[in-house]
Amino acid sequence: MRYIRRQIDGEQHEAGRMLPDTLHTLPQNERFAYAKLLAYITKVDDEVTVDEMAMFEQRMGTALLSPNQRSAIRDYLKNPPTLKECISDLKDSTDGRAGKLALRDAIMMSAADGTVDEDEFDVLGKIATGLGMKESVVDDLLDWVMEGYDWMDRGLTILNAS
């Protein structure tokens, strides 16, 4: 059996600490603000695909929201909040991580169906700038998302060849 180590920023991390996602470590109100933005992003192009909904549900699981909060977020799927409200809630976070993770995952959700249309791209740029980031971060994250989807596809190729 192999022992796995991963080096991040010059520090070694044991295999049990490899999980790069920190969403579950955010305060509950920040996880709710994060989920609220993802509910908003599902309605940008007036179409929610099965792939986008699967990504949304997966991220909700990672957010570890209370049953009441999950119910409220599901209501936002039908009656989305405004983008201004979402950004305002995310700006209330203590260190900005909630907004950064929300932008990252909004991009993953937007790309889950294989395309990011112009309306989605415009909204993603507004989210980035509204949270104080450069708009170019959207392109960088889209590249990262596509690399990730390619990586997952290679995994399926390996499994199908065995």
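Here, every reference points to the structure presented above.
Residue positions are counted from 1 within each chain, in the order its sequence is given. Only residues with pLDDT of at least 70 get local features here, since the model is predicted, and only at 80 or more are side-chain atom pairs given and counted; chain-wide, interface and lining totals rely on the full set of residues. Each side-chain value is worked out from all heavy atoms of the structure, with water and hydrogens disregarded.

Undergrad: I keep staring at the overall build of the protein and nothing clicks. Help me out?
TA: Only DSSP runs of H or I covering at least 4 residues are called helices, and only runs of E covering at least 2 are called strands; the numbering of each starts at the N terminus. Looking only at helices and strands, one finds seven helices and two strands in the protein. The cut-offs for exposure are 20% and 50% of the maximum accessible area for each residue type, with area from a 1.4 Å probe on protein chains only; residues under the lower value are buried, those over the upper are exposed, and the others partly exposed. When the 162 residues of the protein are sorted by exposure, 40% land in the buried category. Computed with a 1.4 Å probe, the accessible areas rest on the Shrake-Rupley method; for each residue, only the protein chains presented here act as cover. Of the roughly 9,800 Å² that the protein leaves accessible, carbon and sulfur atoms contribute 53%.

Undergrad: Even after reading the chapter, I still don't get the packing of aromatic side chains, so can you show me in this structure?
TA: Where two aromatic rings form a pair, the distance of their centres and the angle of their planes describe that pair. Any two of the Phe, Tyr and Trp rings considered here, Trp counted by its six-membered ring, make a pair once their centres fall within 6.5 Å; the pair's planes then place it as stacked at under 30 degrees, edge-to-face at over 60, or tilted in between. In total, this model carries one aromatic pair according to the counting rule given. Seen from their ring centres, F32 and Y76 are 6.3 Å apart, and the 55 degrees between their planes marks the pair as tilted. Highlighted residues: F32 in helix α1 (residues 28–42) and Y76 in helix α3 (residues 67–78), separated in sequence by 44 residues. In terms of burial, F32 and Y76 fall into one category: buried.

Undergrad: Any chance you could explain α3 here in plain terms?
TA: Every α-helix winds through 3.6 residues per turn, so residues three or four apart in the chain are directed the same way. The span you would expect from a helix comes to 1.5 Å times its residue count less one. A rise of 1.5 Å per residue sets the reference length of α3, with its twelve residues, at 16 Å; its end C-alpha atoms lie 17 Å apart and thus fit the reference within 8%. Within α3 the residues assigned to the buried category are Q69, I73, Y76 and L77. Down the axis of α3, the smallest arc covering the buried residues is 110 degrees, so these residues share one side. For α3, the exposed residues lying more than 90 degrees away from the buried face are P67, N68 and K78. Contact definition: two residues touch when any of their heavy atoms are within 4.5 Å. Close packing links the buried residues of α3 with α1, α2 (50–63) and α4 (83–91). The arc refers to the directions leading from the helix axis to the C-beta atoms.

Undergrad: Is there a simple way to explain the nonpolar core in this structure?
TA: Soluble globular proteins tend to pack their nonpolar side chains together in the buried interior. By nonpolar core is meant a set of buried Ala, Val, Leu, Ile, Met, Phe, Trp, Tyr and Cys residues that side-chain atoms within 4.5 Å join together. In terms of nonpolar packing, the biggest core is built from 45 residues, with Y34, I41, I73 and I127 touching the most fellow members. For this core, the secondary structure elements donating two or more residues are α1, α2, α3, α4, α5 (97–111), α6 (118–130) and α7 (136–161). Apart from residues lying up to four places away in sequence, Y34 is in contact with L23, R59, M60, A63, L90, A98, L101, A102 and D105.

Undergrad: I keep staring at a negative patch on the surface and nothing clicks. Help me out?
TA: In this scheme, patches are assembled from residues that exceed 30% relative accessible area and form no salt bridge. Like charges are connected within 9 Å, while nonpolar side chains (Val, Leu, Ile, Met, Phe, Trp, Tyr) are connected within 5 Å. For this analysis, a salt bridge means a side-chain nitrogen from Lys or Arg found within 4 Å of a carboxyl oxygen belonging to Asp or Glu. Under the counting rule used here, the positive set is Lys and Arg, the negative set is Asp and Glu, and His together with the chain ends is not counted. To locate a charge, take atom NZ for lysine, CZ for arginine, CG for aspartate or CD for glutamate. A cluster of acidic residues, D46, E47, E118, D119, D122, E135, D139, D140, D143, E147, D150 and D153, forms a negative patch at the surface. Of all the secondary structure elements, the ones that give two or more residues to the negative patch are α6 and α7. Sorting elements by how many residues they give to the negative patch places α7 first, with six residues. Looking at the element boundaries, D153 is found in helix α7. Taking the relative accessible area as the measure of exposure, D153 reaches 47% and is therefore partly exposed.

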